[in-house]
Amino acid sequence: MKYKKIITIILLVLINLLICFLLLPKVKIDKTIINYNSSITYKVKASNILGDITRYIKVSDNINNKVLGNYQVEVKVRYLFYRYNKYFDIKVVDDTKPSISLVGNNPTYVCPGKEYKEEGFIASDDYDGDITDKVNVIKNNNSIIYKVEDSSSNKEEIIRNIIFEDKEAPIITLNGGNYIVIYKNDKYVEKGYIASDKCDGDIISKVEITGNVDSSKVGEYSLEYKVIDNSGNETTVKRIVVVKERPKGVIYLTFDDGPSYLTNKILDILDEEKVKATFFVIKGDNYVKRAYDSGHTIALHTSSHNYSYVYASETNYFKDLTKVSDSVYNTISVRCKIIRFPGGSSNTISRRYNKGIMSRLTKEVSNQGYIYFDWNVDSNDAGGDGGNSSKIYNNVIKGLSYNKTNIVLMHDSASHVATVNALKSIIKYGKNNGYTFKAITSDTQVVRHKVNN
Ligand code: ZN
């Protein structure tokens, strides 16, 4: 009887133990490692013979995913008569490889016989940051190996392949550009070029030019410049040369206030250049005779050139005009009909001496058979630029145009040395730019200012 009781108690205890064992919650975690900086996503599950009892547990942790290290997950189990805490270890680790990026191309082409010059590299790690200084560079014949290891022993390796080959075509640069305009019958002069190659350096001597320019025919011509480097890379560039019809324009050089000792020098230059001009003179003399005999036009400008006298009255003006006309007639036996008013027909100084006299004179001179000319290109040699040859030159060439009768005002009274010095360049410019030079005649289209008095 006593034994039975003992056995029963033992059985009850065993059954209880079995129940306890079967109902015991089993707690599991799905990971023990979390990557640095990644989201904390572990899952804890509890279950027993009856199934999932996760809802009866409470999970908390002290994980900081920004700092590598060991952390704990605490699971509080409160289920039926079970009261206990369970702990799991979780590690935050850096298992991401660092990265290496190369400056320059990969593969890199290096000129044959040359050494590769390191172009640079950058190594960075998500945890360590910049670890460029930890990169180990190993040079081989045709490659460079870059190795790096972060503080968590993650390794990365990258290879730069070196190919010893000239892959780059040479460069040709044309002096004067790819488009050149010349005028008919001008000789085309090659303006030159530069040819260089990354590996061969200066290879100007290897350039071959094909094509030609026939400047006797208006048209577009193509010149081809070809160069091949030592590795067979070829470059061709084209230059278009356009041969244009030379523009036409006429320049009438006029010299006022002479003659003077400078007139001879002016006539020398005009003779040398075979250019005819027009002289608005204040008297006749040997210089005037020489000018006339050389085929230049002699025109009248008044004798005194004294504004207060000639513009005091019509009578004074014509007296003065007749005086110069007679003087010239005595020299060359010609009555000149082309005239220019002192100060031009637009002068305002005459207002001081006689209001409206220019309006009357401009009509009256025509009635008497004179043709007066003003100017439309002012050298300003009687203005502020009288002492400066280059300014005189610039004033004239700036004023020239193909679309008008270019009447150029200059002076050959004694003070105009700078004008004489500019003359040759002005003529050269005109010739080089398609102008012809003529002396004014009675057939020349008049150029006249607006009358202001
Ligand atoms: Zn004058």
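Note that the coordinates shown come from a computational prediction; the quantities given were computed from them, not determined experimentally.

Draft legend 1. Just the overall build of the protein, in detail. The helix and strand inventory of the protein stands at 8 helices and 29 strands. Each principal axis of the C-alpha distribution contributes one length, and for the protein these read about 180 × 60 × 35 Å. Here the protein holds 453 residues, and the buried ones make up 42% of them. Long-range contacts, defined here as pairs at least 24 residues apart, represent 61% of the contacts in the protein between residues at least 6 apart. Element-wise, carbon and sulfur atoms account for 51% of the exposed surface of the protein, whose accessible area totals about 24,700 Å². With 62 positive and 52 negative side-chain charges, the protein shows a spacing of 8 Å between the two charge centroids.

Draft legend 2. Broad picture of helix α8 (residues 417–432). Under the 1.5 Å per step criterion, the end-to-end length of α8 is 24 Å for 16 residues, consistent within 8% with the ideal 22 Å. At Leu 423, α8 shows its maximal kink, close to 35°. Turning to α8, its buried residues number three or more, namely Ala 418, Thr 419, Val 420, Ala 422, Leu 423, Ile 426, Ile 427 and Gly 430. Elements that come into contact with the buried residues of α8 comprise β22 (249–256), α2 (263–273), α7 (389–399), β28 (405–411) and β29 (435–437). Looking at the residues trailing α8, positive phi occurs at Gly 434, about 85°.

Draft legend 3. Representation of the domain arrangement of the protein. Each assigned domain of the protein is listed here: domain 1 (24–93), domain 2 (99–164), domain 3 (171–244) and domain 4 (250–437). Of note, the centres of domain 2 and domain 3, computed from C-alpha atoms alone, are 43 Å apart.

Draft legend 4. Spatial organisation of the sheet that holds strand β8 (residues 99–102). Here we have 3 strands laid out as an open sheet, ordered β8-β10-β11, and antiparallel in their pairing. Among the strands making up the open sheet, the edge pair consists of β8 and β11 (129–130). Summarising the sheet, β8 and strand β10 (residues 121–125) pair through 4 bridges and their orientation is antiparallel. In the strand pairing of β10, Leu 102 is matched with Phe 121.

Draft legend 5. A look at the nonpolar core. Leu 253, Phe 255, Leu 270, Phe 279, Ile 298, Tyr 317 and Leu 423 are the most contacted members of the largest nonpolar core, which totals 47 residues. Setting aside its immediate chain neighbours within four residues, Ile 298 contacts Phe 279, Val 281, Val 288, Ala 291, Tyr 292, Val 328, Ile 332 and Cys 336. Core analysis: the next-biggest nonpolar cluster, separate from the first, contains 19 residues, Ile 34, Val 44, Ala 46 and Val 73 among them.

Draft legend 6. View of the side chain of Glu 273. Assignment of secondary structure puts Glu 273 in helix α2. Among the polar contacts made by the side chain of Glu 273, one reaches the side chain of Lys 428 at a distance of 3.1 Å. If near-sequence neighbours (up to four positions away) are discounted, Glu 273 is found in contact with Lys 424, Ile 427, Lys 428 and Lys 431.

Draft legend 7. Layout of the environment of Asp 257. Here Asp 257 is to be found in the loop between β22 and α2. Only 3.0 Å separates the side chain of Asp 257 from the side chain of His 301, close enough to count as a polar contact.

Draft legend 8. Summary view of the state of the cysteines. Under the defined criterion, the tally for this structure stands at 1 disulfide. A sulfur-sulfur distance of 1.8 Å marks the disulfide that ties Cys 111 to Cys 199. Here Cys 111 and Cys 199 share a disulfide; its torsion about the S-S bond, -85°, makes the bridge left-handed. Linking Cys 111 in the loop between β9 (108–110) and β10 with Cys 199 in the loop between β17 (193–197) and β18 (201–202), this pair joins segments that are 88 residues apart in sequence. Relative accessible area serves as the criterion here: at 7%, Cys 111 is assigned to the buried category.

Draft legend 9. Spotlight on the environment of Met 358. Mapped onto the secondary structure, Met 358 falls in helix α6 (residues 357–367). When the C-alpha positions of Met 358 and Asn 347 are compared, they lie 8.1 Å apart, and in sequence the two are 11 residues distant. Sequence-distant contacts of Met 358, defined by excluding residues within four places in its chain, comprise Tyr 311, Phe 341, Gly 344, Ser 345, Asn 347, Ser 350, Val 451 and Asn 453.

Draft legend 10. Looking closely at the coordination of the zinc ion. Coordination of the zinc ion by the protein is provided by Asp 257 (OD), His 301 (NE2) and His 305 (NE2), with metal-donor distances spanning 2.1 to 2.2 Å. All donors to the zinc ion come from one chain, and their sequence spacing reads D-x43-H-x3-H. Linking Asp 257 in the loop between β22 and α2 with His 305 in the loop between β24 (297–300) and α4 (307–310), this pair joins segments that are 48 residues apart in sequence. Judged by its relative accessible area of 17%, Asp 257 falls in the buried class.

Draft legend 11. Representation of the side chain of Ser 345 in the model. Note that Ser 345 resides in the loop between β25 (338–339) and α6. Classification of Ser 345 by relative accessible area gives buried; the value is 0%. In this structure the side chain of Ser 345 is engaged in a polar contact, spanning 2.4 Å, whose partner is the side chain of Asp 374. Beyond its immediate sequence surroundings of up to four residues, Ser 345 is in contact with Met 358, Thr 362, Tyr 372, Asp 374, His 449, Lys 450, Val 451 and Asn 452.

Draft legend 12. Structural context of unusual backbone geometry. Residue Pro 107 is bonded to the preceding Asn 106 through a cis peptide linkage, with omega at 5°. Structurally, Pro 107 can be placed in the loop between β8 and β9. A cis amide bond, omega 0°, links Gly 258 with the succeeding residue Pro 259. For Pro 259, the location among the structural elements is in the loop between β22 and α2. A positive phi is found at Ser 153, a non-glycine position, where the angle reads about 65°. Tracing the chain through its elements places Ser 153 in the loop between β13 (143–149) and β14 (155–164).

Definitions and cut-offs
Residues numbered from 1 in each chain as written. Predicted model: local features only at pLDDT ≥ 70, side-chain atom pairs only at ≥ 80, totals over all residues. Heavy atoms only, no water. Helix = DSSP H or I, 4+ residues; strand = E, 2+ residues; numbered from the N terminus. Buried < 20%, exposed > 50% of the residue type's maximum accessible area, 1.4 Å probe, protein only. Contact = heavy atoms within 4.5 Å. Areas by Shrake-Rupley, 256 points an atom, 1.4 Å probe, with all protein chains shown as cover. Lys, Arg positive; Asp, Glu negative; His and termini not counted. Charge placed at Lys NZ, Arg CZ, Asp CG, Glu CD. Expected span 1.5 Å × (residues − 1). Bend = angle between axes of the 7 residues up to and from the residue. Domains from an automatic or database assignment. Pairing = 2+ DSSP bridges. Core = buried A, V, L, I, M, F, W, Y, C linked by side-chain atoms within 4.5 Å. Polar contact = N/O pair within 3.5 Å; in protein donor to acceptor, adjacent residues only side chain to side chain. Disulfide = S-S within 2.5 Å. Donors = N, O, S within 2.8 Å, 3.2 Å for Na, K, Ca; no water.

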